[in-house]
Amino acid sequence: MTRIAIDPITRIGGHLRIEVEVSNGVVTDAWSSGTMFRGMELILKGRDPRDAWLLAQRICGTCNGVHALASVRAVENALGVAIPRNARLVRNILAGTQFVQDHVTSFYHRHALDWVDLVAATTADPEATAELARSISDRGPSGALTFRAAKERWTAYVGSGQPMALANAYWGSPAYELTPEADLMVAAHYLEALDWRRRMTQLQTFLSGKSPHPQTFLVGGMALVPPWGGPERPAAKEHPRQVVRSSPAALSERGLEDMADLIAEAKAFVEQVYLPDVLEIAGTYREWAAIGKGIGSYLAYGEFPEDDSSEPELLLPRGRIMNHDVARVETVDQVGVAETVAHSYYSSDDDAALVHPWDGQTVPKYAGPSAPVTSLEGSSKYSWAKAPRYQDDPMEVGPLARMLVGYIGDRAVVRSKLAEAIGTLRIGPDALMSTLGRTVARAVEAQVVVDRLDGWLQELTDNLATGDLGLADLSAWDPGSWPSEARGWSFGESPRGAVGHWLTIGDRRIEDYQLVDGSTWNCSPRDARGRRGAMEEALVGTPVNDPDEPVEILRTVHSFDPCTACAVHAFDPRGAGSIVIGIVEKGSR
Ligand code: NI
Ligand code: MG
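Residues numbered from 1 in each chain as written. Chains lettered and ligands numbered in written order. Predicted model: local features only at pLDDT ≥ 70, side-chain atom pairs only at ≥ 80, totals over all residues. Heavy atoms only, no water.

Student: How should I be thinking about the packing of helix α9 (residues 253-284) against helix α11 (residues 412-425) in this particular structure?
Tutor: Each pair of packed helices can be described by the angle between their axes along with the distance between the axes. It is at 9 Å that the axes of α9 and α11 come closest, and there the two elements cross at 40°. Classified by the angle between their axes, α9 and α11 sit oblique to one another. Crossing hand, α9 versus α11: right-handed. Seen from α9, the contacting residues are L279, A282 and G283; seen from α11, they are A421, T424 and L425. Of the residues belonging to the contact of α9 with α11, the class tally is 4 nonpolar, 2 polar and no charged. (Axes fitted to C-alpha atoms, helices over the stretch in contact; angles between N-to-C directions. Helix = DSSP H or I, 4+ residues; strand = E, 2+ residues; numbered from the N terminus. Parallel < 35°, antiparallel > 145°, perpendicular 65-115°, else oblique. Left-handed = near helix turned anticlockwise from the far one by under 90°. Contact = heavy atoms within 4.5 Å. Nonpolar A, V, L, I, M, F, W, Y, C, P; charged D, E, K, R; others polar.)

Below is the structure:
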C-alpha cells in the first residue's frame, strides 16, 4: 500500500491538501484537509449587520460576490425586509454572470489541464485542429490561422525556460488521451477565455462597481442610480481642464444596451466554445463516467428567484437526492443543516455533536502534526474545514447536484439541456454521478444560466420603463426600528454549491455569525461516525497508474472545483505547484 500526499493542490481557490492510500493502482482511502484558517465568522462578530455583506464577501475573490449576496439576504431575513423587483433582477444578473464566468474559468484555467496536455499541443497540426473545431461547433470560421497563432504562443511559453503555470505538471503522462489537435484546440480556447473573462468582468462592474468584490449591495436592495425620469436632471458641472471619460450608468438606456451586448458574447462563448469542448473531451474520456461516483447523495438549496414572493420559484430548484435514488427529490429545510468538528481543528463542548449553525461556534484549536507534514496519519483531527451534514448525512453539492435535482424534479429547461448533453455522449443520467458527470454538469449549467441572463435584463428594462424605479426598501435602515433580538438565515447557491449564512443580532450588533460554504460540504472531513466527505468518498476507487504522477487524483478533485478559502473561512513553502511531497510506504508491497 502506498500513501500519497498532494500539498498544495493547485488550480483551486485556497489551500487544500489531499492524502490518499493506493493499493493495486486504485485509491482505497482518502483525506481532504483544509490547511488554512480564515476566521471570517469571528471577524463578523460585534459588527453592524448592515456592514456584514461587505466583510463576508472578502472570504474569497474567486467566489466573487457569492458571500455578499448570501450575507445581505441573511440580514434581510433577520430584519424582515423584502427587496424590490429591480433589486432582485439586478442580483440575479450579477450572480448569474458569476456562475457563467466562473464555470468557464473553472474549466479552461483550472480543470482542463487534467485532460489536455499543453506540451503535446505544441506538436499539433493547425489545419487539422481547425477542421476538428469546425466539426464540433457551428461557430463560423475557426481558421487554421487562429490555431497557428495559439500554437506559436504556447510553443514560446513552453520553450521560455520560465514555464511558471506549466511547472510541476504531469505533461507526457500516458493518462493524457486526446490527440495533439484536440489539445491545441482547447489550449487556444484557454487563451481566448482569458480575454473573454475580461469582458465578463466588465459586465459585472456595470452593476457592481468593482470586480471581484461588488460594492453596490445594500440591506434592502441595491445601491444603484435609477435612470433619470424627469426634466429635473441637474446640469453637469464643467471641468475645463479635465476630460472625464466614463462608462454609461448601468441602468441608463446605453448601459442596458451595453450589458445586452456583453450577455450575447457570454452566450456565444458558452454555446459555441465551452460546451462543445467539454463534450469533445468527455467523449474521449468516457471511462471517467464510471470513476469518482462518490456518496451519491446530492443537496441543492436552489438559486435565482423568479418572482417577488416570500417563497419564490427558483430557476435552479431546491431539493435533495439520497443514495443514488434517481426516482425522488426530497424537500430541504434550513433546520436540517448542522456541523460537527469531530475531525476538525476546533474545540467545542462536544466535538462529536452535530450543531445547527444558529448554535454553532468557531473556536480554533490546531491539533495536527507540526510542519513539515509528510503524512496526516495518526491525526484524528486533520482539517480546518468543519463537517456539514444534512439530517446527519454527508452530501455532495454543486452543479451536478443542481442539475440532477432540476432533472429529476422535472424542471423543463434543465431537463432538455442535460438530456441533449448526455444524448451527445450516449450515456444515461446515472452515469452523471461521476468525475466526468461533474464536469459535464458544470458546462450544462453554464448554458442554462447564460440562457436566462438576457431574460432578466429584459424584465429589468421593461420594469424600469413602467416607471417603477425602486431599487431598495430602506424601511429597516434605522437600527432604532429593529427588535432587540433577531436571527436570520439565507439559502443560495455559489458556482461551487449550496451556501448558507446564519446570524443572530442582539443590541443592534451581530452576536454570532456562521456560514457553511459549498466547498465546506464537498471538502468536508469525516464526521463523528467516521463517514467521509463528498470529495474523499469520490476519490475512493480512482485509479492511479503512477504514484509519482497522480494526475487522476487531480481529475476527481478538480471535478468539484473546490474553493478551500471559502470552505475554511499553512502550507508547505517548498511546494511550487501540484507536487507530491510525500510518498509513505506502508506494509509490504
Ligand atoms: Ni471561494
Ligand atoms: Mg463555517
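Let's pick the thread back up.
Student: Sorry if this is basic, but what is going on with the packing of α11 against helix α12 (residues 435-465) here?
Tutor: For the pair α11 and α12, interaxial distance at closest approach is 10 Å and the crossing angle is 140°. Classified by the angle between their axes, α11 and α12 sit oblique to one another. Between α11 and α12 lies a crossing of right-handed hand. From α11, V413, V414, K417, L418, A421 and L425 reach across to α12, where they touch V440, V444, Q447, V448 and D451. Considering only residue class, the contact of α11 with α12 consists of 8 nonpolar, 1 polar and 2 charged.

Student: Which parts of the structure should I look at to understand the layout of surface pockets?
Tutor: The method is simple in principle: a probe with the dimensions of a water molecule rolls over the atoms, and the space it marks as empty is what remains. Roughly 880 Å³ of volume is contained in the largest pocket. Along its surface, the largest pocket is lined by 26 residues, and R73, S309, S310, E311 and P312 are the ones closest to its centre. Those elements that place two or more of their residues in the lining of the largest pocket are α3 (66-79), α4 (85-111), β7 (303-305) and β12 (485-494). Sorting elements by how many residues they give to the lining of the largest pocket places α3 first, with 4 residues. For the lining of the largest pocket, the per-class residue count stands at 10 nonpolar, 7 polar and 9 charged. (1 Å grid on protein atoms, 1.4 Å probe; cavity = no way out; pocket = protein on both sides within 12 Å on 5 of 7 lines; lining within 4 Å. Points joined across faces, edges and corners; volume = space filled by probe spheres on them.)

Student: Before we go on, may I ask you to explain the coordination of the nickel ion (ligand 1) in this structure?
Tutor: For a metal bound by four donors in a tetrahedral arrangement, the ideal donor-metal-donor angle is 109.5 degrees, while six donors in an octahedral arrangement ideally sit at 90 or 180 degrees. In this structure, C60 (SG), C63 (SG), C563 (SG) and C566 (SG) serve as the protein donors to the nickel ion (ligand 1), at separations of 2.2 to 2.4 Å. Coordination at the nickel ion (ligand 1) comes from 4 donor atoms whose angles at the metal span 97 to 120°, giving a geometry best classed as tetrahedral. Residue classification places C60 among the buried residues on the basis of a relative accessible area of 4%. Accessibility expressed as a relative area gives 0% for C566, which makes it buried. (Donors = N, O, S within 2.8 Å, 3.2 Å for Na, K, Ca; no water. Tetrahedral: all angles 85-135°; square planar, octahedral: opposite > 155°, others 65-115°. Buried < 20%, exposed > 50% of the residue type's maximum accessible area, 1.4 Å probe, protein only.)

Student: Looking at this structure, how should I read the pairing of strand β10 (residues 337-340)?
Tutor: Looking down a regular strand, the side chains alternate between one sheet face and the other. The side-chain alternation of β10 yields two buried faces, one formed by V337 and E339 and the other by A338 and T340. Bridging between β10 and strand β11 (residues 387-390) involves 4 bridges; their strand directions are antiparallel. Paired with A338 across the bridge in β11 is R389. (Pairing = 2+ DSSP bridges.)

Student: Just checking my understanding: could you explain the environment of E152 for this structure?
Tutor: Positionally, E152 belongs in helix α7 (residues 144-158). Residues E152 and Y301, spaced 149 residues apart in sequence, show a C-alpha to C-alpha distance of 45 Å.

Student: Quick question: what am I supposed to make of unusual backbone geometry here?
Tutor: In this chain, D7 is followed by P8 through a cis amide linkage whose omega measures 0°. Examined against the element boundaries, P8 turns out to sit in the loop between β1 (2-6) and β2 (16-23). Of note, the amide linkage connecting S211 to P212 takes the cis form, showing an omega dihedral of 0°. For H324, which is not glycine, the phi torsion reads 60° and is therefore positive. Along the chain, H324 falls in the loop between β9 (319-321) and β10. Assessed through its relative accessible area of 31%, H324 is described here as partly exposed. Residue D410 is not a glycine yet carries a positive backbone phi of 65°. Here D410 lies in the loop between α10 (399-408) and α11.

Student: Could you clarify how one ought to interpret the side chain of H558 in this entry?
Tutor: Here H558 lies in helix α15 (residues 551-558). A polar side-chain atom of H558 sits 3.4 Å from the main-chain carbonyl oxygen of R11. Separated by 2.7 Å, the side chains of H558 and D114 make a polar contact. Excluding residues that lie within four positions of it along the chain, H558 makes contacts with I9, T10, R11, I12, R110, H111, D114 and R442. (Polar contact = N/O pair within 3.5 Å; in protein donor to acceptor, adjacent residues only side chain to side chain.)

Student: Explain the sheet that holds strand β13 (residues 497-506) here, please?
Tutor: Hydrogen bonds along the backbone pair up the strands of a sheet, which may run parallel or antiparallel. One open sheet accounts for 3 strands, arranged β12-β13-β14; its pairing is antiparallel. Looking at strand neighbours, the two that pair on one side only are β12 and β14 (509-516), the edges of this open sheet. For this sheet the average axis-to-axis angle between neighbouring strands, irrespective of direction, equals 15°. Two strands pair when backbone bridges link them, and β12 and β13 are joined in this way by 10 bridges, in the antiparallel orientation. Along β13, the bridge assignment pairs E485 with G506. Packed on one face of the sheet, α3 meets β12, β13 and β14 and runs near 145° to β12.

Student: Could you clarify how one ought to interpret helix α8 (residues 180-208) in this entry?
Tutor: The α-helix winds at 3.6 residues per turn, so residues separated by three or four positions along the chain end up facing the same way. Under the 1.5 Å per step criterion, the end-to-end length of α8 is 41 Å for 29 residues, consistent within 8% with the ideal 42 Å. G209 sits one or two residues past α8 and shows a positive phi near 75°. (Expected span 1.5 Å × (residues − 1).)

Student: For this particular structure, what's the right way to read α12?
Tutor: Under the 1.5 Å per step criterion, the end-to-end length of α12 is 46 Å for 31 residues, consistent within 8% with the ideal 45 Å. The buried fraction of α12 amounts to 23 of the 31 residues, a majority that puts the element mostly inside the structure. G467, located one to two residues past α12, shows a positive phi value of around 100°.

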